[in-house]
Amino acid sequence: MKPIQILVEKNVPCEMRDGVILYADIYRPNEEGAFPVLLTRLPYSKDLPHYSHRYLDTNRLVENGFVVIIQDVRGRFQSEGEFQSFRQEANDGYDTVEWAAALPFSTGKVGMFGMSYYGYTQLMAATKKPQHLAAIFPAMTLNDQRNGASYRNGVYQPGFTETWTLESIAPDLLMRKYNNPKERADLLRNLADQLNKLDELYYFAPINQWPPLKEFKVAEFFFEELEHPIEDEDYWKESSIVDKYADLQIPAYHLGGWYDCFIGPTLTNYIEMTKAGQNQKLIVGPWGHGFFASVQGECSFGVHASGDWINLEGNITDLHIRWFNHWLKGIDTGLEEEAPVKIFVMGINEWRDEGEWPLARTQYTPFYLHSMGNANTKNGDGSLSVTEPGNEETDTFIYDPKNPVPTKGGSTLFAGPLTMGPFDQREIEERDDVLVYSTEPLTEAVEVTGPVKVKLWSSTDAQDTDFTAKLVDTAPDGKAIILTEGIVNAKYRNGFYPEKELTGEVEEYEIDLWATSNVFLPGHRITLEISSSSFPHYIPNPNTGKSLIQNNEMVEAKQTIFHSEKYPSHLILPIIPVKE
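Bear in mind that the values here come from a model prediction, so they are computed numbers and not experimental data.

A.B. asks: Tell me about the overall build of the chain, and name the residues and values.
C.D. replies: Within the chain, the secondary structure is distributed over 12 helices and 25 strands. The globule rule puts the C-alpha radius of gyration for 580 residues at 25 Å, and the 24 Å found for the chain is close to it. Dimensions of the chain along its principal axes, counting C-alpha atoms only, are 80 × 65 × 40 Å. In the chain, buried positions account for 61% of the 580 residues. Put simply, 75% of the contacts in the chain that link residues at least 6 apart link residues at least 24 apart. For the chain, the accessible area works out to roughly 22,300 Å², and carbon and sulfur atoms hold 49% of it. With 50 positive and 84 negative side-chain charges, the chain shows a spacing of 4 Å between the two charge centroids.

Pasting the structure below:
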């Protein structure tokens, strides 16, 4: 096969409907003819290979007969305009797709690719139904900022929002705002100093006065979002797709990771877009956000788990080539005959094809909480079983928002890949404000694949508070690996609209732990941790009925967990029966 030369055009202008110019780099085959276009739109600079190409070999995309266009979104790096997180991407995405389709070397068919923010630029553009957008490949992305980005189940996520804004967004905004070279240099040095002490800055409250961004006077959208409570539908719907799934009737290949901060929304996107139309595919590996290595956290899943060598059959770039060859070139790549879902099952560390998500053969099984009233710490008497509880003692703990339970791994996104993934929770389980419930050692393997929830009956002496839940695989040697976790805010326990303040009553809470796929091996225990904080993943609830977004007053709360015939708190696991 003759090698293909690649032509590169830098800073090609694209005019939006309001006259703002966005700039893109174009990579195309140095050959006569027209080619389908693969477009990505990102806020992290088209000139930085780590971000603009990320987990894909874009040279291979061009060598396989595609034009690749990488564009800085509005208000970022080379592009004009003011950056507003997510809010301008639907119209700008539509305009860019139609521009790309009309380029002289384009066949008129456009696909989009990218992860995280530039996974979402695809979905936002698709809601506007551009005529020439033929297929997308959204990876590790969201569906609503209130569902895993700025918030989760009513709880603000400072680890995500503060880190992302200061580290990924603020530097370019400083460069755009301040023209004096010395002033720029001083500000960037100051910003680096702030990043070096992020662990300390996470504790600052109220967040609407967060010092680094207040001092630099950039990223006003950060503070604007804090002014809008999650029930302000008019504000948040502008950057949401959850009410627009019916408009997303476009072939999409969804890529996720069990330890990705957007695994919940990624799975929901697949489910809802499958309802809206056919031609959806899903792959989920044992990965953290943008981190596709075979080693995640403190676990190695084997070379075949790597995004560079999925099941020893190919890599993520190969998936893109096959997908876009099918939809943009009409080449039969065998996709129609393949199972729509491919998942990595941890524990046994194997890839498996499935016909749907969630799996049709799932047996949703309640595992009930038990104790004699002393489930605090891993050395307590908490237990977990399929036996319904009788009249058992309650468990209590004191939640002090000034001393929150630290985040250790899980589906996080802050301070780099070493803070996400499967980490040992034993030191967390030594805390008196963590209740630990475990099964007896298993006599046979138990597969848990699918959505995980906790039904929790509890009371508090606070006006408002949070409850957390964490699913853990505890090995015979005591190593306790986090699989998935979740949180619920009492005020927003039933959705985006606030409930009345608590007055000591017993309330039922549903804690959504999103999903996982793991085989608990013989000798292992299924463990559930219950607490009220995980910081800095989630902002500590001050227990005052107010938020640390606007206030800094904090008080302790006494939390009571019920597990009785009347209040049967339980973990709901998606058990996959063993095939005969």
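A.B. asks: Pulling in residues and values, what's your account of the state of the cysteines?
C.D. replies: Tallied over the entire structure, the rule returns zero disulfides. Cysteine 261 takes part in no disulfide bond, and the closest cysteine sulfur, belonging to cysteine 299, lies 19 Å away.

A.B. asks: Can you break down unusual backbone geometry residue by residue, with the values?
C.D. replies: Put simply, alanine 205 and proline 206 share a cis peptide bond, and its omega is 5°. Omega for the bond connecting phenylalanine 535 with proline 536 falls within 30 degrees of zero, at 15°, which places this linkage in the cis form. Within the element layout of this structure, proline 536 appears in the loop between β23 (525-531) and β24 (557-562). Notably, asparagine 153 is not glycine yet its phi reads approximately 50°, a positive angle.

A.B. asks: Describe the side chain of arginine 493, listing the residues and the values that go with them.
C.D. replies: Along the polypeptide, arginine 493 turns up in the loop between β21 (480-489) and β22 (507-520). A polar side-chain atom of arginine 493 sits 2.6 Å from the main-chain carbonyl oxygen of alanine 490. Each residue touching arginine 493, except ones within four places of it in the same chain, is listed here: Val488, Glu499, Leu502, Glu507, Glu508 and Tyr509.

A.B. asks: Explain the sheet that holds strand β13 (residues 341-345) to me, and be specific about the residues and the numbers.
C.D. replies: Taken in spatial order, the 10 strands make up an open sheet running β1-β2-β4-β3-β5-β6-β9-β10-β13-β14, and their pairing is mixed. Looking at the sheet topology across the chains shown, the edges are occupied by β1 (6-15) and β14 (350-354). Across the sheet, the mean angle separating the axes of adjacent strands is 20° when strand polarity is ignored. As defined by bridge partners, strand β5 (residues 106-115) adjoins strand β6 (residues 133-139) across six bridges and the pair is classed as parallel. Across the sheet, residue phenylalanine 113 finds its bridge partner in β6, namely phenylalanine 137. Relative to the sheet, helix α11 (residues 263-276) contacts β9 (252-259), β10 (280-288) and β13, its axis offset from that of β9 by approximately 150°. Running at roughly 160° to β6, helix α12 (residues 316-329) makes contact with β3 (35-42), β5, β6, β9 and β10 of the sheet.

A.B. asks: Just give me the short version of the nonpolar core, but keep the residues and values in it.
C.D. replies: By size, the foremost hydrophobic cluster in this structure holds 168 residues, and its most contacted members are Ile69, Trp258, Trp357, Ile526, Ile530 and Leu571. For isoleucine 69, the contacting residues outside a window of four places in its chain are Ala24, Asp25, Ile26, Val37, Leu38, Leu39, Thr40, Trp99, Ala100 and Leu103.

A.B. asks: Please give an account of the side chain of serine 459 that cites residues and values.
C.D. replies: Position of serine 459 relative to the elements: it lies in strand β19 (residues 446-460). Taking relative accessible area as the criterion, serine 459 reaches 12% and is therefore assigned buried. When neighbours within four sequence positions are excluded, serine 459 is seen to be in contact with Phe467, Gly504, Glu505, Val506, Lys558, Gln559, Thr560 and Phe562.

A.B. asks: Outline the environment of alanine 293, supporting the account with residue identities and numerical values.
C.D. replies: Within the secondary structure, alanine 293 sits in the loop between β10 and β11 (295-296). With a relative accessible area of 26%, alanine 293 lands in the partly exposed category. With 12 residues separating them along the chain, alanine 293 and alanine 305 place their C-alpha atoms 7.4 Å apart. Residues within four places of alanine 293 in sequence aside, it is in contact with Trp287 and Ser306.

A.B. asks: Break down the pairing of β23 for me, citing the residues and quoting the values.
C.D. replies: Taken across its seven residues, β23 has six buried, putting it largely inside the fold. Note that strand β18 (residues 435-438) and β23 share four bridges and pair antiparallel. When the bridges of β23 are listed, serine 438 appears paired with threonine 527. When strand β20 (residues 466-474) meets β23, the two strands line up antiparallel, connected through seven bridges. In the strand pairing of β23, leucine 471 is matched with leucine 528.

A.B. asks: Please set out the pattern of salt bridges residue by residue, giving values where relevant.
C.D. replies: A complete count under the given rule lists 37 salt bridges for this structure. Among the ionic pairs, aspartate 18 bridges to arginine 74, the shortest N-O distance being 2.8 Å. Remark: arginine 74 occurs in the loop between β4 (67-72) and α3 (89-101) and aspartate 18 occurs in the loop between β1 and β2 (21-29); sequence separation between them is 56 residues. One salt bridge in this structure joins lysine 455 and glutamate 510, with 2.9 Å as the shortest N-O distance. One end of the pair, lysine 455, is in strand β19; the other, glutamate 510, is in strand β22, with 55 residues separating them in the sequence. Given a relative accessible area of 22%, lysine 455 falls into the partly exposed group. Where salt bridges share partners, they join Lys453, Lys455, Glu508, Glu510 and Asp512 into one cluster.

A.B. asks: Residues and numbers for the packing of aromatic side chains, please.
C.D. replies: In the structure shown here, the tally under the stated rule is 28 aromatic pairs. An angle of 50° between the planes, with centres 6.4 Å apart, marks the rings of phenylalanine 137 and phenylalanine 324 as tilted. Within this pair, whereas phenylalanine 137 is found in strand β6, its partner phenylalanine 324 is found in helix α12, the two being separated by 187 residues in sequence. Residue phenylalanine 137 shares its accessibility class with phenylalanine 324, and that shared class is buried. Measuring from centroid to centroid gives 5.8 Å for phenylalanine 160 and phenylalanine 262, while their planes differ by 70°, and the two rings are edge-to-face. Pair noted here: phenylalanine 160 is in helix α5 (residues 158-177) and phenylalanine 262 is in the loop between β9 and α11, with a separation of 102 residues, a long-range link.

A.B. asks: Can you break down α5 residue by residue, with the values?
C.D. replies: A rise of 1.5 Å per residue sets the reference length of α5, with its 20 residues, at 28 Å; its end C-alpha atoms lie only 25 Å apart and thus fall more than 12% short of the reference. Considering bend angle alone, the principal kink of α5 is centred on alanine 170 and spans about 50°; proline proline 171 follows within four residues of it. The element α5 is extensively covered by neighbouring structure, given that 15 of its 20 residues are classed as buried.

Cut-off values and rules
Residues numbered from 1 in each chain as written. Predicted model: local features only at pLDDT ≥ 70, side-chain atom pairs only at ≥ 80, totals over all residues. Heavy atoms only, no water. Helix = DSSP H or I, 4+ residues; strand = E, 2+ residues; numbered from the N terminus. Rg over C-alpha atoms; globule rule 2.2 N^0.38 Å. Buried < 20%, exposed > 50% of the residue type's maximum accessible area, 1.4 Å probe, protein only. Contact = heavy atoms within 4.5 Å. Areas by Shrake-Rupley, 256 points an atom, 1.4 Å probe, with all protein chains shown as cover. Lys, Arg positive; Asp, Glu negative; His and termini not counted. Charge placed at Lys NZ, Arg CZ, Asp CG, Glu CD. Disulfide = S-S within 2.5 Å. Polar contact = N/O pair within 3.5 Å; in protein donor to acceptor, adjacent residues only side chain to side chain. Pairing = 2+ DSSP bridges. Axes fitted to C-alpha atoms, helices over the stretch in contact; angles between N-to-C directions. Core = buried A, V, L, I, M, F, W, Y, C linked by side-chain atoms within 4.5 Å. Salt bridge = Lys/Arg side-chain N within 4 Å of Asp/Glu carboxyl O. Phe/Tyr/Trp six-rings, centres within 6.5 Å; stacked < 30°, edge-to-face > 60°. Expected span 1.5 Å × (residues − 1). Bend = angle between axes of the 7 residues up to and from the residue.

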